[in-house]
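A structural walkthrough
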Amino acid sequence: MMLITILALCTLGFTLIALSDNRHRRRCGLKPAQQKPWFWAGSAILGWPLWLAMETWSTGLGITLWLGCLSISAGVVFLGLAMFERLRQQL
Amino acid sequence: MAQLHTWCGLLAAWLLFAVFLTGTLSYFKESISLWMQPELPSVAANAEWDNRRLADYWQHYLAEHASTARNWQITFPDERMSVSTAVWFGEDGSEQLVLDPTTLTLVTPRETRGGDFFYRFHFQLHHLPAVYGRWIIGIATMMMFVAVISGVITHKKILRDFFAFRPQKGARSWLDAHNACSVLTLPFQLMITYTGLITLMSLYMPWGLERAFPDADARRQAISELHAFPLSGPATGQPAALHALSELVGDAESHWQKPVQSLRVSHPGDAGARVAVWQSALEALSAHRPQRIYEASSGALLAEIQSQRIDEQAHGVMVGLHAGRYANWGMRWIYFSLGAAGCGMVATGLLLWTSKRKYKKGSELGMWCVERLNIATLAGMPIAVLAFLASNRLLPVALSGRAQWEIHFFFVAWLLALLHAVLRRSASQAWREQLTLTVILLLCLPMLNLLAPSYSVLGDLAAGNWQRVSVDLMCLVGALIIVWQMKRAAKKTLSRVPPTQVAS
């Protein structure tokens, strides 16, 4: 359960970071002023699961799992954005 | 730097794809072994057993049937493997027996190498002396390490293009996919490559060890200490009764407050016999599991071994990180997904190379070779893996040497895939046909599993044992993904054909 929570938080963090990127920001209709806060909010959210993982497991295992979850969730966001773009084009 | 990345990546890529694919499958080698041995019982996921009872059973059985063996190795069931095994090494080689931990009945599964074949293949290949295989893999791994680092240096917009994917743009799309597979999973790719080299470092760089320990025995002792694997002492030739193993298991479990994973009795029945008991590997990052060594005749504790020195700990953690034996099922899926991304990284790198040079003049032969090897590896290797699994169900259970026949199926299928790729005039036709065969095999495997006489999917589901079922489910998911991608590729090809040609 904790693993799923960590994955969900990492995915949320990366989604915010991705939306702060110029390319995706424009597609989602966000204003440039929102770019920085979204980036920092996303980065801060990515740190939270590290703390959760280290609390649940040991420090070494926590860091290892966190890095693994970061990669998986970055992949999920990448695929999600690609699919979102395809759907947008189809509509 | 770009040239270094391209050539280091390209020259080792086909071998690396095979290593990545079999290495990724190895994270579920126990599940694959269970799938390949339908005779093994479906032990309920929440079943409980007493390791002391199992130790007691094995002690009586082995004392009766393997009293002259050099050593006994007993493995207790855990989350990964739901049966207990005993292996003993005697005059005629090794023998293995499997025990259902809940009913304490011996099971005779079909002869197979199971998931262990993929595990061994990924670091020492097959049909080659193990040392040569390990050297070849080591060189390829080093090239991969260089390719990963030079790739990071070459990738100028690594942060700006973090989530960039530009579909339907030919080479640009392959580049984006290659970047996504590599950059998003970079910590894993760096870790798995580096720790892969560290795992066999005493083979690749033996000179330091040879200099520090010129004597061969001292060197063996140093290596055994580094791997936290104690060497068994010599037999005395004096007979002595063996202390109750169940008591030693109970003592170790109450001391660690964790289950025991395995034990080894060296020189059973001799006064110099020793019993080494290992702790479960689950949720301990280091591959060097704590162990207790007992005198077999009296049951007295001789040593408690736990990696203390920083070099031992570093080695244990690196090997542990690579092998992922500490991982529970959720973490193993993470390993599996990241390994699959590694396969994707190599595959997209190869496809990017061909797509960039497809319409350039002057390199037709090189292009032809790379394209055919791509087909034989990226489509042929999965066919070989699936042929290996299918042969497990198709070969007669009583066939002598059936484990070797399964391996023959693997290599023959791979060779046929290469021949097909070479002989087919059109590369796209060869791709289509091999991918179609992959889909057919992926769909056939769950059906073959349903037809296995000694196995019931419903029994596994009722017991909450998802290991074998998940192999079937992964085959179906794999088939769906390939069909979806083939349909997309076909649509794209059709949209490129001029309307007149479509009409005719």
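Structure report, in brief. (Residues numbered from 1 in each chain as written. Chains lettered and ligands numbered in written order. Predicted model: local features only at pLDDT ≥ 70, side-chain atom pairs only at ≥ 80, totals over all residues. Heavy atoms only, no water.)

Examining the interface of chain B and chain A
Operational definition: Any two residues whose heavy atoms approach within 4.5 Å are treated as being in contact. By buried area we mean the combined loss of accessible area, with a 1.4 Å probe, across both parts when two parts are placed together. Salt bridge criterion: a side-chain nitrogen from Lys or Arg within 4 Å of a carboxyl oxygen from Asp or Glu. Secondary structure counts use DSSP, requiring at least four H or I residues in a row for a helix and at least two E residues in a row for a strand, with both numbered from the N terminus. Here the term charged refers only to Asp, Glu, Lys and Arg, the term nonpolar to Ala, Val, Leu, Ile, Met, Phe, Trp, Tyr, Cys and Pro, and the term polar to all other amino acids, Gly among them.
Each partner contributes to the interface: chain B provides 23 residues, whereas chain A provides 23 residues. Of the roughly 2,000 Å² buried between chain B and chain A on both sides combined, carbon and sulfur atoms contribute 75%. On the chain B side of the contact with chain A, Phe163, Leu184 and Ile334 of chain B bury the most area, a combined 33% of that side's loss. Our count for the chain B to chain A interface comes out at zero salt bridges. Contributing elements (two or more residues each) for the side of chain B that touches chain A: helix H6 (171–183), helix H13 (329–357) and helix H18 (467–496) of chain B. For the side of chain B that touches chain A, the class distribution of residues is 14 nonpolar, three polar and six charged.

Some details on H6 of chain B
We apply this condition: Take the residue count of a helix, subtract one, and multiply by 1.5 Å to get its expected span. Each residue is placed in one exposure class: buried if its accessible area under a 1.4 Å probe, protein chains only, is under 20% of its type's maximum, exposed if it is over 50%, and partly exposed if it falls in between.
Between its first and last C-alpha atoms H6 of chain B spans 18 Å; for 13 residues at 1.5 Å apiece the expected length is 18 Å, and the two agree. What H6 of chain B keeps buried is the set Ser173, Asp176, Ala177, His178, Asn179, Ala180, Cys181, Ser182 and Val183 of chain B. On its buried side, H6 of chain B packs onto helix H4 (59–90) of chain A together with helix H1 (2–26), helix H7 (186–199) and H13 of chain B.

Describing unusual backbone geometry
All names here are of chain B. One non-glycine residue, leucine 125, lies in positive phi territory at about 55 degrees. The residue leucine 125 is located in the loop between helix H4 (115–124) and helix H5 (130–154) in this model. Overall, the relative accessible area of 13% leaves leucine 125 in the buried class. One non-glycine residue, histidine 267, lies in the positive phi region at around 50 degrees. Mapped onto the elements of the fold, histidine 267 is located in the loop between strand E5 (260–266) and strand E6 (274–279).

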